[in-house]
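# What the coordinates show
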Amino acid sequence: MNNKLLDFCLRLGDTSLILSHRIGEYCSKAPLLEEDLAITNVGLDLLGQAESFLKYAAEIKGNTTADELTFKRKEKEFRCLHLVQTPNTDFAFILSRQFFMDCFHKLLFENLISSKDETISGISKKAIKEVNYHLKRSSEWMTRLGLGTEKSNEKLQVAVDELWMYTDELFIDNETDIFAKENHIGPLSSSLKKDWSELVTPVLENASIKVPENNLFSLKYGKNGFHTEYLGYILAEMQHLPLLYPDAIW
Amino acid sequence: MANDDQGILWEVFLRVKAGRPFKHVGSLHAYDKEMAMKAARDLYTRRNEGNGIWIVKAEDIVSSEASDGEAFFDPSDDKIYRHPTFYKIPEGVKHI
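Residues numbered from 1 in each chain as written. Chains lettered and ligands numbered in written order. Predicted model: local features only at pLDDT ≥ 70, side-chain atom pairs only at ≥ 80, totals over all residues. Heavy atoms only, no water.

To continue, consider the overall build of chain A. Along its length, chain A carries nine helices and zero strands. Each helix (α) and strand (β) of chain A, taken in turn from the N terminus, gives the series α-α-α-α-α-α-α-α-α. Taken over C-alpha atoms, the radius of gyration comes to 18 Å for chain A, in line with the 18 Å a tight globule of 250 residues would show. Expressed along its principal axes, the backbone C-alpha trace of chain A runs to roughly 55 × 40 × 35 Å. The contacts of chain A with a sequence gap of at least 6 include a subset with a gap of at least 24, amounting to 79%. Both charge centroids of chain A, one from 28 positive and one from 37 negative side chains, sit 2 Å from each other. (Helix = DSSP H or I, 4+ residues; strand = E, 2+ residues; numbered from the N terminus. Rg over C-alpha atoms; globule rule 2.2 N^0.38 Å. Contact = heavy atoms within 4.5 Å. Lys, Arg positive; Asp, Glu negative; His and termini not counted. Charge placed at Lys NZ, Arg CZ, Asp CG, Glu CD.)

See below:
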């Protein structure tokens, strides 16, 4: 078993999985029906991506399944980024989180298409089409909220400011990144930072949103298995049923 | 967005494939045309229903009034000679 490759797939799978779960929590609560369906569709796309990566992770690990990885792992065994664990504070938070992640996923999957690992490349080829759509949608909403009313601009600025501190983790390298780079499986996370800023900054500026200062928030990261206080609650809800009824099926 | 402002009403038309006519499939609410287009995609095309979308502001559609029904449509009720099938084709006429 290749531990680093497993870790790499878990990071991709878990990040999409937890973001999808957060979006799932929001189902039926969006400000309008059309938006409710649209954001839930994004969540379903992410769940599909998570399933593909976790299936591959299960294959690498051996003797397990994507479901088992999802429902039977402990918090410290998850590798999702902190940003996707943040709560659905309001519509502006949900949209800003999505926008930051869509920009990141776009750059990441564009790169992973040329991965030497055929499975990762295949999943990324399919995912990039979905991500391109997600990004169009979320960047339009950033503009709409930023230039909407004084109140919508203010709420968006608060969300961007609060979530900004979670974005540094996106570009922190650990041993898994170095393994991925050396074996032509994926990029160094740090190599995506400049392009990410170039995607994010013009959208924020056009939306009359001030780009926050880049401050290092934490030295403990989700990709290393250290999580925010939120993840435990997410997993408690997500894993509740399979833990109570281990053999439950649809 | 705490009030009931759901945006304006748009009508959605889909084309099944290139070259086929656009057909009305439903409506939706959105604040602007970009949002309406994306909502149309998300609401009406997730199951391969089509590969082309038109959206039109509902208020831009000029519609006949129900009260005009008698004046507009009833007069054609008893004029079956307006249908080509009313006429007998003389024998020997070709290419029809």
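Picking up after the structure, the text goes on.
Here we come to the interface of chain B and chain A. Tallying the contact residues gives 14 residues for chain B and 17 residues for chain A. In total, chain B and chain A occlude about 1,400 Å² of area from one another, counting both sides; carbon and sulfur atoms represent 58% of this. At the junction of chain B with chain A, the criterion picks out two salt bridges. For Glu140 of chain A, the salt bridge is made with Lys38 of chain B, and the minimal N-O distance between the two is 2.9 Å. Linking chain B with chain A are eight residue pairs in polar contact (both at pLDDT 80 or more), by the criterion used here. Elements that contribute at least two residues to the side of chain B that touches chain A include exactly β2 (22–30) and α1 (33–44) of chain B. Here the side of chain B that touches chain A gets seven residues from one element, more than from any other, and that element is α1 of chain B. Partitioning the side of chain B that touches chain A into residue classes produces six nonpolar, two polar and six charged. (Buried area = accessible area lost by both parts, 1.4 Å probe. Salt bridge = Lys/Arg side-chain N within 4 Å of Asp/Glu carboxyl O. Polar contact = N/O pair within 3.5 Å; in protein donor to acceptor, adjacent residues only side chain to side chain. Nonpolar A, V, L, I, M, F, W, Y, C, P; charged D, E, K, R; others polar.)

The next subject is empty space enclosed by the protein. All names here are of chain A. Overall, the coordinates contain two cavities of 30 Å³ or more when judged by the stated rule. In this structure, the largest cavity occupies an estimated 150 Å³ of space. Looking at the largest cavity, it is lined by 16 residues, and the ones nearest its centre are Arg11, Leu12, Phe104, Leu108 and Ser189. Of all the secondary structure elements, the ones that give two or more residues to the lining of the largest cavity are α1 (3–26) and α4 (91–112). With four residues, the top contributor of residues to the lining of the largest cavity is α1. By residue class, the composition of the lining of the largest cavity is nine nonpolar, three polar and four charged. In this structure, the second largest cavity spans a volume of roughly 80 Å³. (1 Å grid on protein atoms, 1.4 Å probe; cavity = no way out; pocket = protein on both sides within 12 Å on 5 of 7 lines; lining within 4 Å. Points joined across faces, edges and corners; volume = space filled by probe spheres on them.)

A separate point is the packing of helix α2 (residues 33–61) of chain A against α1 of chain B. Where α2 of chain A contacts α1 of chain B, the two axes come as close as 9 Å, and the packing angle between them is 70°. The orientation of α2 of chain A with respect to α1 of chain B, classified from their angle, is roughly perpendicular. α2 of chain A and α1 of chain B meet at a crossing whose hand is left-handed. Here Glu34, Leu37, Ala38 and Asn41 of chain A of α2 of chain A lie close against α1 of chain B, whose contacting residues are Ala39, Asp42 and Leu43 of chain B. Each residue belonging to the contact of α2 of chain A with α1 of chain B can be placed in one class, and the counts come to four nonpolar, one polar and two charged. (Axes fitted to C-alpha atoms, helices over the stretch in contact; angles between N-to-C directions. Parallel < 35°, antiparallel > 145°, perpendicular 65-115°, else oblique. Left-handed = near helix turned anticlockwise from the far one by under 90°.)

Attention now goes to the pairing of β2 of chain B. Residue and element names in this part refer to chain B. Bridge analysis of strand β1 (residues 8–15) against β2 gives eight bridges, and the strand direction is antiparallel. Considered in β2, the bridge of Ile8 is made with Ala30. Hairpin connection between β1 and β2: a loop of six residues separates the two successive antiparallel strands, and Gly19 in this loop has a positive phi of roughly 95°. (Pairing = 2+ DSSP bridges.)

Moving on to the nonpolar core. Ranked by internal contacts, the top residues of the largest apolar core, which has 86 residues, are Ile18, Phe99, Phe100, Phe104, Ile120 and Trp196 of chain A together with Leu28 of chain B. The dominant element in this core, judged by the number of residues it contributes, is α4 of chain A, at 14 residues. Excluding residues within four positions of it along the chain, Phe100 of chain A makes contact with Leu83, Val160, Leu163, Trp164, Thr167, Trp196 and Val200 of chain A. (Core = buried A, V, L, I, M, F, W, Y, C linked by side-chain atoms within 4.5 Å. Buried < 20%, exposed > 50% of the residue type's maximum accessible area, 1.4 Å probe, protein only.)

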